[in-house]
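Residue-level structural notes
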Amino acid sequence: MRANTTELKTIQSGVVIIDMDGLAISQFASREVVEIVLEATRQYEANYPGMLKKAIVVNTPKVFTVLYQLIRPFLSEDTAACVDVYGYYDDWRGTLRELMSVDQLPSRFGGANTTVKPYHPSHGYLVTVPVFEEIENSKLKPVNVPAGQKLDVPFNITEVNAKLMWAFRTDDYDITFGVFYTPANSGDETEVVDFCRVDSHVLTQRGSLVCEQAGQYTVRFDNTSSWIRPKCVYYITQCSQQPN
């Protein structure tokens, strides 16, 4: 499996994903949150009109409707038409897959990229877009992960800049995936790749990680959330040493 490559593209418009998962009602109701959201809205309308292709607000509680009514008067008609709001149980993952390349869409939001990095304004308007190699299904190793259990694939990294790569899919149901790091002189495990449920039954998931420290890196397929249903995972992992 070859490492994924990247290409440079200039941003002309963008899809913004706003995830409300985990926010408490008290946070929505606070004056500080309302003021921050309103100021961000004013700055966008004043400096970046027309750059928004779509804003998808997901996992929203019912109280968000009240907050959005406060924001709505500050939006132009064109901007307001670009905003779609989805509750926690709404089918917004399919919508995101239609709007974006699945290689750019984080796996947490229904895409196929387990290691996409969040965008920050300091990155500017030239961003790297991942280009993944297609992988034949025959190269993926099938392993059954029983209900309530997990499959760990460990790598003992002795030199920095080694690169881990992986691809996987599942039959019929999703699974929780992540990568963890444990220093050689400590038993403390740290999450280094977003640990979340991924739609591996819809899309083949891909990702890579440059190991900046020596130690053990564990690729984990976690089925502990399922009490009765085993999952069949088809996967390939690879570790290659990069020059220092």
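Scroll up a little and you will see the structure.
The rules we used
- Residues numbered from 1 in each chain as written.
- Predicted model: local features only at pLDDT ≥ 70, side-chain atom pairs only at ≥ 80, totals over all residues.
- Heavy atoms only, no water.
- Helix = DSSP H or I, 4+ residues; strand = E, 2+ residues; numbered from the N terminus.
- Contact = heavy atoms within 4.5 Å.
- Areas by Shrake-Rupley, 256 points an atom, 1.4 Å probe, with all protein chains shown as cover.
- Core = buried A, V, L, I, M, F, W, Y, C linked by side-chain atoms within 4.5 Å.
- Buried < 20%, exposed > 50% of the residue type's maximum accessible area, 1.4 Å probe, protein only.
- Salt bridge = Lys/Arg side-chain N within 4 Å of Asp/Glu carboxyl O.
- Pairing = 2+ DSSP bridges.
- Axes fitted to C-alpha atoms, helices over the stretch in contact; angles between N-to-C directions.
- Lys, Arg positive; Asp, Glu negative; His and termini not counted.
- Polar contact = N/O pair within 3.5 Å; in protein donor to acceptor, adjacent residues only side chain to side chain.
- Parallel < 35°, antiparallel > 145°, perpendicular 65-115°, else oblique.
- Left-handed = near helix turned anticlockwise from the far one by under 90°.
- Nonpolar A, V, L, I, M, F, W, Y, C, P; charged D, E, K, R; others polar.
- 1 Å grid on protein atoms, 1.4 Å probe; cavity = no way out; pocket = protein on both sides within 12 Å on 5 of 7 lines; lining within 4 Å.
- Points joined across faces, edges and corners; volume = space filled by probe spheres on them.

A word on the overall build of the protein. Broken down by element type, the protein carries five helices and 13 strands. For the protein, the proportion of contacts with a sequence separation of at least 24, taken over those separated by at least 6, is 81%. As displayed, the protein offers around 14,100 Å² of accessible surface, 52% of which is attributable to carbon and sulfur atoms.

Bringing the nonpolar core into the picture now. Core analysis: the largest hydrophobic core is formed by 24 residues, its most contacted members being Trp166, Phe168, Phe177, Phe221 and Tyr235. By size, the runner-up hydrophobic cluster in this structure holds 16 residues, among which are Leu38, Tyr44, Val57 and Ile71.

Inspection of the secondary structure puts Phe28 in helix H1 (residues 25–29). Distance in space between the C-alpha atoms of Phe28 and Val63 is 7.5 Å, their sequence separation being 35 residues. Setting aside residues no more than four positions away along its own chain, Phe28 makes contact with Met20, Leu23, Val34, Pro61, Val63, Phe64 and Leu67.

Under the counting rule described, the total for this entry stands at nine salt bridges. The closest approach of N and O atoms between Arg169 and Asp171, which form a salt bridge, is 3.5 Å. Across the pair Asp174 and Arg197 runs a salt bridge whose closest N-O atoms are separated by 3.0 Å. Remark: Arg197 occurs in strand S10 (residues 190–198) and Asp174 occurs in the loop between strand S8 (162–170) and strand S9 (175–182); sequence separation between them is 23 residues. A single network of salt bridges, built from pairs that share partners, joins Arg93, Arg97 and Asp199.

Further remarks concern the sheet that holds strand S4 (residues 83–87). Taken in spatial order, the three strands line up as S2-S3-S4 in an open sheet, and their pairing is parallel. The sheet is open, and its two borders are formed by strand S2 (14–19) and S4, each paired with just one other strand. Strand after strand, the sheet turns through a mean of 15° between neighbouring axes, direction not considered. Sheet analysis places S2 next to strand S3 (residues 52–60), joined by six bridges and oriented parallel. Residue pairing across strands places Gly14 opposite Leu52, the latter belonging to S3.

A separate point is the side chain of Asp222. With respect to the helices, strands and loops of the structure, Asp222 is situated in strand S12 (residues 215–222). Buried and unpaired, Asp222 has Lys150 as its nearest opposite-charge partner, separated by 5.3 Å. Engagement of the side chain of Asp222 in a polar contact is seen with the side chain of Thr224, the distance being 2.4 Å.

With that settled, the discussion passes to the sheet that holds strand S7 (residues 150–157). Here four strands make up an open sheet; going across it, the order is S7-S12-S9-S10 and the pairing antiparallel. Of all strands in the sheet, those with a lone pairing partner are S7 and S10, marking the two edges. Each neighbouring strand pair of the sheet contributes to a mean axis angle of 10°, computed without reference to strand direction. Here S9 pairs with S12 via seven bridges, running antiparallel.

In this structure, Ala80 sits in helix H4 (residues 77–81). On a C-alpha basis, the gap between Ala80 and Ala55 in space is 9.2 Å, while along the polypeptide they are 25 residues apart. In this view, Ala80 contacts Tyr68, Arg72 and Leu75; residues no more than four positions away in its chain are not counted.

This part is about the packing of helix H2 (residues 31–47) against helix H3 (residues 64–71). For the pair H2 and H3, the least separation of the axes is 10 Å and the interaxial angle reads 40°. It follows that H2 is oblique to H3 by the angle criterion. Considering only the axes of H2 and H3, their crossing is right-handed. Taking contact as the criterion, the partners of Val34, Val37, Leu38 and Thr41 in H2 are, on H3, Leu67, Leu70 and Ile71. Among the residues making up the contact of H2 with H3, the classes are represented as six nonpolar, one polar and no charged.

Before going further, it helps to spend a moment on the layout of surface pockets. One number sums up the size of the second largest pocket: a volume of about 440 Å³. Contributing to the lining of the second largest pocket are 16 residues, with Asn59, Tyr88, Trp92, Arg93 and Arg108 lying nearest its centre. For the lining of the second largest pocket, the element with the most residues is S10, which contributes three residues. Classifying every residue of the lining of the second largest pocket by side-chain character gives six nonpolar, one polar and nine charged.

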